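Single-letter residue listing:
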Amino acid sequence: MARVFVITNPVAARTNSDDRLAVERVFRASGWQVEGALTKAPGDARRLAAEALDLGADVVVAFGGDGTTMQAAAALVGTGVALGIVPGGTGNVLAGNLRLPSAPVPAAQVIARGRSRLIDLGRLERADGTHYFAVAAGVGADAKIMAQTKTAEKRQWGIGGYFATLFRTLSTIRNSPYRITIDGETVTMMAADALVLNCSELIPPLIRAVRGAELDDGILDVVVLAADTPYQCGRGLFRAIVNGWIGTGSTPYLLYARGREITVQTEVVQPVQYDGEVAGTTPVTAVVVPRSLRIMADGAQ
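Procedures and definitions
- Residues numbered from 1 in each chain as written.
- Predicted model: local features only at pLDDT ≥ 70, side-chain atom pairs only at ≥ 80, totals over all residues.
- Heavy atoms only, no water.
- Helix = DSSP H or I, 4+ residues; strand = E, 2+ residues; numbered from the N terminus.
- Rg over C-alpha atoms; globule rule 2.2 N^0.38 Å.
- Buried < 20%, exposed > 50% of the residue type's maximum accessible area, 1.4 Å probe, protein only.
- Contact = heavy atoms within 4.5 Å.
- Axes fitted to C-alpha atoms, helices over the stretch in contact; angles between N-to-C directions.
- Parallel < 35°, antiparallel > 145°, perpendicular 65-115°, else oblique.
- Left-handed = near helix turned anticlockwise from the far one by under 90°.
- Nonpolar A, V, L, I, M, F, W, Y, C, P; charged D, E, K, R; others polar.
- Polar contact = N/O pair within 3.5 Å; in protein donor to acceptor, adjacent residues only side chain to side chain.
- Phe/Tyr/Trp six-rings, centres within 6.5 Å; stacked < 30°, edge-to-face > 60°.
- Lys NZ or Arg CZ within 6 Å of the ring centre and 35° of its normal.
- 1 Å grid on protein atoms, 1.4 Å probe; cavity = no way out; pocket = protein on both sides within 12 Å on 5 of 7 lines; lining within 4 Å.
- Points joined across faces, edges and corners; volume = space filled by probe spheres on them.

The next thing to look at is the overall build of the chain. A count of helices and strands for the chain gives nine helices and 18 strands. A globule of 301 residues ought to have a C-alpha radius of gyration of about 19 Å, and the chain, at 19 Å, matches this closely. Projected onto the principal axes, the alpha-carbon positions of the chain cover approximately 55 × 40 × 40 Å. Counting over 301 residues, the chain shows a buried share of 55%.

Rendered as structure tokens:
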């Protein structure tokens, strides 16, 4: 009998006890042994996933947002134990890139079918230890937006809470010198934000940051945006969205690159985020870890 351990973040934007119980019923109906726990503090999902490994879980399920998902994933890297995702957060960008259902019961049914695939992760070494991202790590404006968007706003408006913060802080976004080293080669430019991406879509399936990026291609994509005024910010974001669909390429204010190890240094200290979790300040180095996490998803590999 397969054993599944469900980790639920009760303060995520779209989780409640009724949905948690419905998810567990799906697994029991499939003949799985079900255990679970609620997170109560930052870092709990990672700790609980590690405990699930000790209990012999075959699948660890994260019911929450991208932050909860990646905390759980960090404990599973390289173990072969699969991660299941039940979207319950603000963006759930990884689930969207995997084309997983957004509703809890259909998402649990995907997990219960028992098919899985391997995906890459990005790895960051921070002062408090090793962290991983499946979607993106960001330096600058996007990390500030993540940090300044309140939990209540995310619960009320979903991903719209981030846009509200963007518009509220648009006039404060400014360029500063960025130094980006990609597999040993360095580029310098004035910039307001740098994104290191493991997948292509930032708001699946509507907004694609880069073309051709795959979750299992063994490489990271880099997008660096210069924006010193609200107009320049809007121009850059519009060009980035267009480029994601038709491949217009780099401009003086928008840089695209790819690599396996990316270091971002800034003259003015900038905040860093990974999959929505704020993680200290610059400098930061991201390294791809190919096919390091098994995910329960259709399209098994």
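Further notes follow.
Right, let's talk about helix H5 (residues 104–112) for a bit. Those residues of H5 lying buried are Pro104, Ala107, Ala108, Val110, Ile111 and Ala112. Structurally, H5 contributes buried residues whose contacts are with helix H1 (17–29), strand E3 (59–64), strand E4 (82–87) and strand E18 (284–296). Two residues or fewer after H5 comes Gly114, characterised by a positive phi angle close to 85 degrees.

Running from amino to carboxyl end, helix H2 (residues 44–54) crosses helix H3 (residues 66–76) at an angle of 40 degrees, the nearest separation of the two axes being 7 Å. In terms of orientation, H2 and H3 fall into the oblique class. Relative to H3, the crossing made by H2 is right-handed. Contacts between H2 and H3 pair Asp44, Ala45, Arg46, Ala49, Ala50 and Leu53 from the former with Thr68, Gln71, Ala72, Ala74, Ala75 and Leu76 from the latter. A per-class count over the contact of H2 with H3 returns eight nonpolar, two polar and two charged.

This part takes up the side chain of Thr68. Considering the arrangement of structural elements, one finds Thr68 in helix H3. Residue class for Thr68 comes out buried when judged on its relative accessible area of 7%. Engagement of the side chain of Thr68 in a polar contact is seen with the side chain of Asn9, the distance being 3.1 Å. Not counting residues within four places of it along the chain, the set of residues in contact with Thr68 comprises Asn9, Ala45 and Ala62.

Time to look at the packing of aromatic side chains. All told, the structure shown has one aromatic pair when counted by the stated rule. Taken together, a centroid distance of 5.5 Å and an interplanar angle of 5 degrees make the contact between Phe27 and Trp32 stacked. This pair shows no difference in class: Phe27 is buried, exactly as Trp32 is. Here the guanidinium or amino end of Arg208 rests over the ring plane of Trp245, the centre of that ring lying 3.9 Å away.

What follows is about the layout of surface pockets. Here the second largest pocket is characterised by a volume of approximately 170 Å³. Class assignment for the residues of the lining of the second largest pocket results in four nonpolar, three polar and six charged.

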